Amino acid sequence: MSRSSARGATEPLAALVAVFAVSTGLALYAGTLDDTLAGVGDNRDLATPTADAVERRITTGGVVDPARVPDSLSAVPSGYEANVTLRAERRWAVGPTPPSSADTDNRTVSVALGPATVRRGRLRVAVWR
């Protein structure tokens, strides 16, 4: 009569080799997948969420305060350069001149030009690396 406990048993060394082989295969797959998808994230839209953050930073009560435009660069993600330009009868800008490859977002905003003086203006945010 054969012993039933002898069936399906694996040597410990063989089991360790199998675990190593599977782990190596998964690591190679994950590395290849990461390299393949690395270029996908570079084409994402950066200007729109940055413009949202800039607008929130320089807006009070739904109206943009031009005096706060210099503070707007603190809303730019780290590792990126940006230019913020506000136009409404006058022009306020902060940041270096953007290259032609910069990701841009333009939007219409209300701008406070003085006490009880609000005009329509354009907020332009350019972001690049």
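Residues numbered from 1 in each chain as written. Predicted model: local features only at pLDDT ≥ 70, side-chain atom pairs only at ≥ 80, totals over all residues. Heavy atoms only, no water.

To continue, consider the overall build of the protein chain. The secondary structure content of the protein chain amounts to two helices and six strands. The N-to-C order of helical and strand elements in the protein chain reads α-α-β-β-β-β-β-β. Counting the 129 residues in the protein chain, one finds 26% classified as buried. Counting contacts in the protein chain only where the partners sit at least 6 residues apart, residues at least 24 apart contribute 52% of the total. Counting every atom, the protein chain has about 8900 Å² of accessible surface; 55% of that belongs to carbon and sulfur. (Helix = DSSP H or I, 4+ residues; strand = E, 2+ residues; numbered from the N terminus. Buried < 20%, exposed > 50% of the residue type's maximum accessible area, 1.4 Å probe, protein only. Contact = heavy atoms within 4.5 Å. Areas by Shrake-Rupley, 256 points an atom, 1.4 Å probe, with all protein chains shown as cover.)

Our next topic: the environment of Arg91. Here Arg91 lies in strand β4 (residues 90–94). Residues Arg91 and Pro66, spaced 25 residues apart in sequence, show a C-alpha to C-alpha distance of 9.0 Å. Not counting residues up to four positions away in its chain, the partners in contact with Arg91 are Thr85 and Leu86.

A word on the confidence of the model for the protein chain. Mean pLDDT for the protein chain: 88, with 88% of residues reaching 70 or above. No element of the protein chain has a lower mean pLDDT than helix α1 (residues 12–37), which averages 80, and none a higher one than strand β3 (residues 81–88), which averages 98. (pLDDT = per-residue confidence, 0-100.)

Our next topic: helix α2 (residues 47–58). Given a rise of 1.5 Å per residue, twelve residues ought to cover 16 Å, and the 16 Å separating the end C-alpha atoms of α2 matches this to within 8%. Taken residue by residue, α2 has Ala47, Thr50, Ala51, Ala53, Val54 and Ile58 as its buried positions. Projected down its long axis, α2 carries its buried residues within an arc of 160°, all on one side. (Expected span 1.5 Å × (residues − 1). Arc of directions from axis to C-beta.)

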